[in-house]
Amino acid sequence: MAKSDLLDQLNNREINSYRLRVRDFHSRFENQRQFELRLTAADASETSTPIFRGTFSAARPTIFIPGWIDGELIENATLSAKKIVLWDEAYARGLAIDLAKALGETIPPGGRMWLAYEQFGHE
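Residues numbered from 1 in each chain as written. Predicted model: local features only at pLDDT ≥ 70, side-chain atom pairs only at ≥ 80, totals over all residues. Heavy atoms only, no water.

(A) Seen up close, the overall build of the chain. Counting its secondary structure elements, the chain contains two helices and eight strands. For the chain, the sequential pattern of α-helices and β-strands runs α-β-β-β-β-β-β-β-α-β. Classification of the 123 residues of the chain by burial places 37% in the buried group. Restricting the contact set of the chain to residue pairs at least 6 apart, pairs at least 24 apart contribute 46%. With the model as given, the accessible surface of the chain reaches about 7400 Å², and the carbon-plus-sulfur share is 52%. (Helix = DSSP H or I, 4+ residues; strand = E, 2+ residues; numbered from the N terminus. Buried < 20%, exposed > 50% of the residue type's maximum accessible area, 1.4 Å probe, protein only. Contact = heavy atoms within 4.5 Å. Areas by Shrake-Rupley, 256 points an atom, 1.4 Å probe, with all protein chains shown as cover.)

Rendered as structure tokens:
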């Protein structure tokens, strides 16, 4: 799989009863992509805010740099007036775990992933 395809494999990927949508942004480095992920429902409605935003960097083995993802998980989102919480109180279940697994699968072997989380002022 080509390096540029690694992040693209997230687009339209099923996460529980939703699908992911990747939105790309320009990056100043050739091997990196700024991106955000939103959830879409069966009726094509989309979360009003991203559920994840970050940077994807393809591996550069010639200079010993593994591939990586660095980004923020946004815990609360709204989809068609319905509140979606990605992380439940047990911190071991929920959409966030499935999302982390999907993100991890896009990283080349030996790569890294850093996750922060954001609540945007919600308790």
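Now that the structure is up, let's keep going.
(B) Expanded view of the packing of aromatic side chains. In this structure the tally under the stated criterion is two aromatic pairs. Between F35 and F52 the ring centres are 5.7 Å apart and the planes differ by 35°, which places this aromatic pair in the tilted class. On the criterion of sequence distance, the pair formed by F35 in strand β3 (residues 32-40) and F52 in strand β4 (residues 52-57) is long-range, its members being 17 residues apart. Judged on exposure class, the residue F35 and its partner F52 are both buried. A ring pair is formed by W68 and W114, whose centres lie 6.1 Å apart and whose planes are at 70°; its orientation type is edge-to-face. Of this pair, W68 sits in strand β5 (residues 68-74) while W114 is found in strand β8 (residues 112-118), placing the two residues 46 residues apart along the sequence. Residue classification places W114 among the partly exposed residues on the basis of a relative accessible area of 44%. (Phe/Tyr/Trp six-rings, centres within 6.5 Å; stacked < 30°, edge-to-face > 60°.)

(C) How the structure looks around the pairing of β3. Of all the nine residues making up β3, eight are buried; the element is thus mostly covered by neighbouring parts of the structure. Here seven bridges tie strand β2 (residues 18-25) to β3, and the two strands are oriented antiparallel to one another. Following the sheet pairing, L20 is matched in β3 by L39. The loop that links β2 with its antiparallel partner β3 comprises six residues. (Pairing = 2+ DSSP bridges.)

(D) Region of interest: the side chain of T40. For T40, the position within the fold is in strand β3. Residue classification places T40 among the buried residues on the basis of a relative accessible area of 14%. Apart from residues lying up to four places away in sequence, T40 is in contact with Y18, R19, R21, S45, E46 and L79.

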